[in-house]
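# Topology and contacts: notes
Read off the chains here:
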Amino acid sequence: MLPRGPARFPPAFRPHPFDYHAEVLLTIDSISHRGDGVGRVKMADNQQPWVVMVPYVLPGEVVRVRIVRNERRHSQGEVVRIEKPSPLRLQPACPLFGLCGGCQYQMAPYDQQLEWKTEHVRAALQRIGGLQAVAVSSTLGSPRQYHYRSKLTPHYQAAQDGTDVAIGFAAASAASLLVDAPYCHLASEAINDALPAMREAVRQRVLNAADADDRSGQLLLRHTSPDGVMTDPEARVTERLGALQLTFAAGDFFQNNLHILPSLVAYVIGQARGDSAAGTAAVPTAAVATAVGTAAGAEERLVEGAEDRLAESLNGEVSGEASGEASVDYLIDAYCGSGLFALSAAVEAPRQFASVVGVEVCESAVASARRNAEVNGVSNVRFLAASAECIFDGIEFDGSRTAVLVDPPRRGCDDAFLAQLIRFAPRRIVYVSCAPDTQARDLKMLLEAGYALQCVQPFDLFPQSRHLEAVATLVWPDPAARPIPTARARPAVRGRAGKALGKARGETARGRSQRARGGRARVQGSKQGRNRR
């Protein structure tokens, strides 16, 4: 394990309530949203039990923990010894588990991982979104638990004395350290087959490099069925999903788990249309791969036919029953990238939407999306390059007949975008997120604007890790009574939503207050307004 760049010293150790490397005995109560076990220590001064978090443990286990950091409200520890292991504990498949920071859950059965992820989404909505009674569906599992990643980005770093090179991933203990990883149990078999030759070539190049800037960096291995394993970030690669053929730069973002991706796409499109059950039938419980044995080599058993059933969902061969709500006519795919969702929705337009628009701030991604539309012969979709300040300009859809699909990066949506979304006032919003905390924050703003949260469905695109994708669907509580949005018929917006909307309009705090009061007066003064409230 080698340092990445200059050495970084940890902040000064807080001496309270434990000394550095003090050992405590813990019973693990639960798993936090970051994947750490949570235990509590009774303090001698009769204070509330002090929380200690420690990674790679299971609920119910009794563990001896060494304290490495005291925070303001909890301490962080590392396992010294598991005094009483859980009967559910598995032997991790990877010998680097616990050293490499890529995985958090290899010691746990897969059904347990799915339960944790469901609870993490629910907890974020309660803690951050203020939704105490929200119903979160059980996390839908991936047919593959290992060897599912189609993209890998190892880092490399030469040792200070120039005698060795580490090629791998950030250490679990510190992002400044690099763990040498000759094999990754999450990457596809094709990527692992290509990895040794790449590692040797990089090692020779780095050891012979005269320039210090060439002694560290990041690599790329992108695996697609038509192209094999590509290492040039600028190379064009093609991925096939059902009837679609999508081409993009190898270094661009594209979901890494293609084994569950068709089901995610089908579910998202079904939610946008108003078919609340559509897509969920594509992932029956029996299709989830289950771990067998505890030996490092016994990684998974892929249920026969599971991937075929998932792929069928994208073509509509597996579908849920319609919810009974009238389908929307138009779809806007914000953050559309190279067009995955927009093209999937438009590829069978007579059954899906009258028209689809994809919006993206990155012009190169828009160019890829337009090429993909042409290659797939899809004429019912158009792609726009728009800045964040005017992302809905040029779209003439009636908001009351439109669904907006939002799939932002991990940091979530900024206030300016959400303010524009509220002004556009679509009938349905489908919010796809890889970060439940920022998703819950943004949902709170949309709920303040008048939307109702209909359902939340997590998908496990990242088995063995704490990461996931969650799909939240928001609707107007009474779409039939909802007026066509105009400048004078907006929902009264308060809180963070009101501040963002006022900022977008250039309002002062006093102006926002007057607008809110006026908005409430207008709503209360009409029959439609009373129905909406």
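In this report, we go over the structure that sits alongside the text. Just so it is clear, the model here is predicted, and its values are computed rather than measured.

### Some details on the overall build of the protein
Assigned secondary structure in the protein consists of 11 helices and 22 strands. Summarising the internal contacts of the protein: among those between residues at least 6 apart in sequence, 67% fall at separations of at least 24. Element-wise, carbon and sulfur atoms account for 50% of the exposed surface of the protein, whose accessible area totals about 24100 Å².

### Some points on unusual backbone geometry
Backbone geometry follows two general trends: most residues other than glycine have a negative phi, and most peptide bonds adopt the trans configuration. The amide bond that connects histidine 16 to the next residue, proline 17, takes the cis arrangement and shows omega of 5°. Positive phi, normally seen in glycine, also occurs at histidine 147, with a value near 55°. With respect to the helices and strands, histidine 147 occurs in the loop between α1 (110-127) and β7 (151-152). By relative accessible area, which is 8% here, histidine 147 ends up buried. In this model, tyrosine 335 sits at a positive phi of 55°, which is unusual for a non-glycine residue. Judged by its relative accessible area of 24%, tyrosine 335 falls in the partly exposed class.

### Considerations on the nonpolar core
Looking at soluble globular proteins, one finds that nonpolar side chains tend to be buried together. Val381 and Phe383 are the most contacted members of the largest nonpolar core, which totals 77 residues. No other element matches helix α3 (residues 261-273), which puts 7 residues into this core. Ignoring sequence-local partners within four residues, the contact set of valine 381 consists of Ala342, Leu343, Ala346, Val356 and Ala373. Val134, Val136, Val357 and Val404 belong to the second-largest nonpolar core, a separate cluster that totals 40 residues.

### Here's the deal with the sheet that holds strand β20 (residues 428-433)
Ordered by their spatial adjacency, 7 strands build an open sheet running β18-β17-β16-β19-β20-β22-β21, and the pairing between neighbours is mixed. At either end of the open sheet lies a strand with only one pairing partner, and these are β18 (381-385) and β21 (452-459). The average angle at which neighbouring strand axes cross in this sheet is 15°, direction not considered. Two strands pair when backbone bridges link them, and strand β16 (residues 330-334) and strand β19 (residues 402-406) are joined in this way by 5 bridges, in the parallel orientation. For alanine 334, the partnering residue across the bridge sits in β19 and is valine 406. Helix α8 (residues 436-448) rests against β20, β21 and β22 (469-475) of the sheet, and its axis sits at about 160° to β20.

### Considering the packing of helix α7 (residues 415-424) against α8
Running from N to C, α7 and α8 point in directions that differ by 35°, and their axes come no closer than 11 Å. Remark: the crossing between α7 and α8 carries right-handed chirality. For the pair α7 and α8, contact is made by Asp415, Leu418, Ala419, Leu421 and Ile422 and by Asp442, Met445 and Leu446, respectively. By residue class, the composition of the contact of α7 with α8 is 6 nonpolar, no polar and 2 charged.

### Examining the packing of α1 against α8
One way to put it is that α1 packs onto α8 with a least axis distance of 8 Å and a crossing angle of 40°. Here the hand of the crossing between α1 and α8 comes out right-handed. Every residue of α8 that contacts α1 at Val121, Ala124 and Leu125 is listed here: Pro436, Asp437, Ala440 and Leu443. Taken together, the residues of the contact of α1 with α8 sort by class into 6 nonpolar, no polar and 1 charged.

### Focus: the packing of aromatic side chains
As enumerated under the stated definition, the model contains 10 aromatic pairs in all. Considering the side-chain rings of phenylalanine 248 and phenylalanine 254, the 4.6 Å spacing of their centres and the 10° angle between planes classify their relative orientation as stacked. For phenylalanine 248, a relative accessible area of 1% puts it in the buried group. The rings of Tyr335, Phe392, Phe417 and Phe424 are connected pair by pair, giving a single aromatic cluster.

### Focus: α7
Counting buried positions along α7 yields 7 of 10 residues, so the element is predominantly enclosed. Looking at α7, one finds that the buried residues are Phe417, Leu418, Ala419, Gln420, Leu421, Ile422 and Phe424. A positive phi of about 55° marks alanine 425, the residue just after α7.

### So, helix α2 (residues 189-207)
Its 19 residues place the ends of α2 28 Å apart at the C-alpha level, agreeing with the 27 Å of an ideal helix rising 1.5 Å per residue. The sharpest bend along α2 comes to roughly 35°, located at leucine 195, with the proline proline 196 sitting one to four residues further on. Listed in full, the buried residues belonging to α2 are Ile191, Asn192, Leu195, Met198, Arg199, Val202 and Val206. Against β7, β8 (155-158), β9 (165-170), β10 (177-180), β12 (221-224) and β13 (228-230) lie the buried residues of α2.

### Some remarks on the side chain of serine 75
Relative to the helices and strands, serine 75 resides in strand β6 (residues 74-84). Exposure remark for serine 75: the relative accessible area of 0% places this residue in the buried category. The contact partners of serine 75, leaving out residues within four places of it in the chain, are Pro17, Phe18, Trp50, Val51, Val52, Met53, Ile67, Arg69 and Asn70.

Cut-offs used in this document
- Along each chain, residues carry numbers from 1 onward, in the same order as the chain's sequence is written.
- A pLDDT threshold of at least 70 governs which residues receive local features in this predicted model, and a stricter bar of 80 or more applies before side-chain atom pairs are shown or counted, although totals over entire chains, interfaces and linings include all residues.
- The side-chain quantities take in all heavy atoms of the structure and omit both hydrogens and water.
- Secondary structure elements follow DSSP: runs of H or I of four or more residues count as helices, runs of E of two or more count as strands, with numbering from the N terminus.
- Only heavy atoms matter for contacts: two residues are in contact if any of them lie within 4.5 Å across the pair.
- Only the protein chains shown count as cover for residues, and the accessible areas themselves come from Shrake-Rupley with a 1.4 Å probe.
- Only protein chains enter the accessibility calculation, which uses a 1.4 Å probe; a residue is then buried when its area is under 20% of its type maximum, exposed when over 50%, and partly exposed in between.
- Within this scheme, the nonpolar core is defined by two criteria: the residues are buried Ala, Val, Leu, Ile, Met, Phe, Trp, Tyr or Cys, and they are joined through side-chain atoms within 4.5 Å.
- At least two bridges found by DSSP between two strands is the condition for calling them paired.
- Interaxial angle, 0 to 180 degrees, is taken between N-to-C directions of lines fitted to C-alpha atoms, where a helix line uses only the stretch in contact.
- For a crossing to be left-handed, the near helix must be turned anticlockwise from the far one by less than a right angle; the clockwise case is right-handed.
- Each residue is assigned to one of three groups, with Ala, Val, Leu, Ile, Met, Phe, Trp, Tyr, Cys and Pro labelled nonpolar, Asp, Glu, Lys and Arg labelled charged, and all others, Gly among them, labelled polar.
- Under the pairing criterion, centres of Phe, Tyr and Trp rings, with the six-membered ring standing for Trp, must be within 6.5 Å; the plane angle then separates stacked pairs below 30 degrees from edge-to-face pairs above 60, leaving the rest tilted.
- To estimate how far a helix should extend, the number of its residues minus one is multiplied by 1.5 Å.
- Bend is the name given here to the angle between axes fitted to two runs of seven residues, the run ending at a residue and the run starting at it.

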